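Survey of secondary and tertiary structure
The primary structure of each chain is shown beneath.
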Amino acid sequence: MTLLVILGLLALLVLWVISVQRKLVSQDELCSNSMSQIGVQQQSRWDAISALVDLTRSYNEHEYKTLRDVIAMRKDINGKSSASEADAQEQALTGAIRQIQVVAENYPELKANESYIKTMDSVNLYENQVRTSRMVYNDSVTKYNRIVRQFPDSVVAGMFHFETKEYLKEVAEKADMPKINI
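Criteria and thresholds
Residues numbered from 1 in each chain as written. Predicted model: local features only at pLDDT ≥ 70, side-chain atom pairs only at ≥ 80, totals over all residues. Heavy atoms only, no water. Helix = DSSP H or I, 4+ residues; strand = E, 2+ residues; numbered from the N terminus. Rg over C-alpha atoms; globule rule 2.2 N^0.38 Å. Buried < 20%, exposed > 50% of the residue type's maximum accessible area, 1.4 Å probe, protein only. Contact = heavy atoms within 4.5 Å. Areas by Shrake-Rupley, 256 points an atom, 1.4 Å probe, with all protein chains shown as cover. Lys, Arg positive; Asp, Glu negative; His and termini not counted. Charge placed at Lys NZ, Arg CZ, Asp CG, Glu CD. Expected span 1.5 Å × (residues − 1). Core = buried A, V, L, I, M, F, W, Y, C linked by side-chain atoms within 4.5 Å. pLDDT = per-residue confidence, 0-100.

**Comments concerning the overall build of the protein chain**
- Of regular secondary structure, the protein chain possesses seven helices and zero strands.
- For 182 residues, the compact-globule estimate of 2.2 N^0.38 gives 16 Å, and the protein chain exceeds it by more than 25% at 23 Å.
- The C-alpha extent of the protein chain, read off along each of the three principal axes, is 90 × 25 × 25 Å.
- A burial count over the protein chain gives 37% of its 182 residues as buried.
- Look at the contacts in the protein chain between residues 6 or more apart in sequence, and 80% of them connect residues 24 or more apart.
- Here the protein chain displays about 10,800 Å² of accessible surface, and carbon together with sulfur accounts for 56% of that area.
- Where the 21 positive side-chain charges of the protein chain centre and where its 23 negative ones centre are 4 Å apart.

Here it is as structure tokens:
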């Protein structure tokens, strides 16, 4: 009888460990998916910015070359990327947009160009989508980190080497960034 109770408790313990491990894997995958979505949105923004850079070429060759160098440094963000890598790409994107705004301010005919207007609208749309994706990622990380850190799930997390993930940081320049008005 005692043996049956012990075996029953061991079976419950094994089922609990399996359940927690599955929950950790599920949350880890949600975090990876969220980071991948950020990468997709950033890639779309880079593509739109590339189109804007091509439009600046006929207005200012030096700015065109500078912006082309910035675009050449971009890195793909995927599900395995870290929050700091995504943040670095966000800062590069913000810098490129600011440079394009400066060129547009100096060349009103560029600012009035229909292709420029449509492309800037796309940049704004993608920027909002990135912002939303960043919030989803941070929410996913919060849920994941709770599981990893709270007892008793933290015991299983430690056994399987699950570690907390870092959050995406708010880009300080974004708060001060002027709106793109066309």
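**Things to note about helix H2 (residues 61–72)**
- Taking 1.5 Å of rise per residue, the twelve residues of H2 would be expected to cover 16 Å, and the 16 Å separating its terminal C-alpha atoms lies within 8% of that figure.
- Where the residues of H2 are buried, they touch helix H1 (2–56) and helix H3 (83–106).

**A word on the nonpolar core**
- Counting residues in each nonpolar core, the largest one holds 20 residues, and the members touching the most others are Ile49, Leu52, Val53, Ile100, Leu110, Tyr116 and Val123.
- For this core, the secondary structure elements donating two or more residues are H1, H2, H3 and helix H5 (114–149).
- Discounting residues that sit within four places of it in the chain, Leu52 has contacts with Ile100, Tyr116, Thr119, Met120 and Val123.
- Counting residues in hydrophobic clusters, the runner-up holds 18 residues, among them Cys31, Met35, Ala86 and Tyr144.

**Describing the confidence of the model for the protein chain**
- The pLDDT averaged across the protein chain works out to 86; a share of 93% of its residues lies at or above 70.
- Per-element averaging of pLDDT across the protein chain places helix H7 (residues 172–176) at the bottom with 51 and helix H6 (residues 153–159) at the top with 93.

**What about unusual backbone geometry?**
- Cis geometry is adopted by the peptide bond preceding Pro152, which originates at Phe151 and carries an omega value of 10 degrees.
- Relative to the elements of secondary structure, Pro152 occurs in the loop between H5 and H6.
- Positive phi outside glycine occurs at His161, with the angle close to 60 degrees.
- Within the secondary structure, His161 is located in the loop between H6 and H7.

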